[in-house]
Amino acid sequence: MSSLLSPFKRLYDLIDGFVLIMLAAIALALAAPDIGTGDGPLHLGLVTSLGVALVFFLHGAALSRDKLVAGARHWRLHAFVQSFTYLVFPAVGAVLLIALHDRLPADLLLGVFFLCALPSTVSSSVAMTSMARGNVPGAIFNATISGLIGMALTPLLMGLVISASGASMPLGKALLGVALQLLLPFALGQLARPLIGAWLARHKAITSKIDRGVIVLIVYSSFCDATAAGLWHQYSWQTIGSVMALSAVMLFAILGTTTFVARRFGFSVEDEITAVFCGSKKSLANGIPMAKILFAGHPALGLIVLPLMVYHQLQLIVCSVLASRYASRAEIGDAAVARA
């Protein structure tokens, strides 16, 4: 009975913690937005900028170079994951921009493409690959390289789309902002790894709590800014609901496609697991800070990040159940080998 209930326990654990806290932050922002605006009494604009730098510093200090080297040898797997992340996803986003330009507001469609242009997650991709008994070194390599590539490629893709729409974005300034706030702290963390890496390895929960806490603060501040600017009165709940449905369709379509193509390529089950989880995920931890930099001062920031927030929660829940199914299949296989 406990094995049957384990997927639901993981689902409960995900929803009961981080998701509920984020929903509470959004509800508070909708009810009392003036408290948490970027230039409000809590000065969350400055606080969140410093928090983002701290998060990337800690990620840099915690990353083992040996694990990256160990996972760097499977070039076909890496090409697969990065192609889905930075070719297939943006192509889907571009098609949606063209197909839905007269059905959804421009800010929402910009958020959909922003979701498609983001790197893969690091922590959840690796954790779920490990849970599913996949190629963990390959997941570490792909998720980390994806984040590093995204620091440059995501702003470039967004600049191209925004320029094509007739608007403008100071691309050089955006790249410099990403480098200073994300890449520089990450590099400093790598330099500090010999001093604090072992301590961080013993206290992984601290990094996780800081990471999630900063994300909640950024989401809260973004929704406060959007609510204070009267954004939610501009669009109907039907429009927002349609974005939620679109995010769900995208997730299930990409999960099915990565699984099908990975099997057609003849990947082992372990590599298939890594390809599916790393190739289908999008990073809220990277996406929210990037949105804060790329769309600084944009009154629709809360609406732009809405597709990412919805997609992120869905991928946690759905991929947790999928990882449990992969793990169960591996356990059955091990039992059969033992009996033989």
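Residues numbered from 1 in each chain as written. Predicted model: local features only at pLDDT ≥ 70, side-chain atom pairs only at ≥ 80, totals over all residues. Heavy atoms only, no water.

- The name given to the protein chain in an unreviewed UniProt entry is Sodium/bile acid cotransporter 7, and the organism recorded there is Cupriavidus gilardii J11.

## Here's the deal with empty space enclosed by the protein
Part 1 of the argument: Evaluation of the coordinates by the stated rule reveals one cavity of 30 Å³ or more.
Part 2 of the argument: Looking at the largest cavity, its volume works out to about 40 Å³.
Part 3 of the argument: In terms of lining, the largest cavity is formed by V52, V55, F56, D211, V214, I215, I218, A285 and P289.
Part 4 of the argument: Put simply, the parts of the chain that give the lining of the largest cavity at least two residues each are helix 2 (44–62), helix 9 (204–228) and helix 12 (284–294).
Part 5 of the argument: Within the lining of the largest cavity, the residues separate by chemical class into eight nonpolar, no polar and one charged. (1 Å grid on protein atoms, 1.4 Å probe; cavity = no way out; pocket = protein on both sides within 12 Å on 5 of 7 lines; lining within 4 Å. Points joined across faces, edges and corners; volume = space filled by probe spheres on them. Helix = DSSP H or I, 4+ residues; strand = E, 2+ residues; numbered from the N terminus. Nonpolar A, V, L, I, M, F, W, Y, C, P; charged D, E, K, R; others polar.)

## As for helix 5 (residues 106–117)
Part 1 of the argument: Taking 1.5 Å per residue as the helical rise, helix 5 with its 12 residues ought to reach 16 Å, and the 16 Å between its terminal C-alpha atoms agrees with that figure.
Part 2 of the argument: The element helix 5 is largely enclosed, with a buried count of 11 among its 12 residues.
Part 3 of the argument: All buried positions along helix 5 are accounted for by D107, L108, L109, L110, G111, V112, F113, F114, L115, C116 and A117. (Expected span 1.5 Å × (residues − 1). Buried < 20%, exposed > 50% of the residue type's maximum accessible area, 1.4 Å probe, protein only.)

## Quick notes on the packing of helix 2 against helix 12
Part 1 of the argument: Relative to each other, helix 2 and helix 12 sit at 140°, their axes nearing to 11 Å. Taken together, helix 2 and helix 12 sit at an angle that is classed as oblique. The two elements helix 2 and helix 12 cross, and the hand of that crossing is left-handed. Note on element contacts: helix 12 touches helix 2 through A285, N286, P289 and K292, opposite G45, T48, S49, V52 and F56.
Part 2 of the argument: Among the residues forming the contact of helix 2 with helix 12, the class breakdown is four nonpolar, four polar and one charged. (Axes fitted to C-alpha atoms, helices over the stretch in contact; angles between N-to-C directions. Parallel < 35°, antiparallel > 145°, perpendicular 65-115°, else oblique. Left-handed = near helix turned anticlockwise from the far one by under 90°. Contact = heavy atoms within 4.5 Å.)

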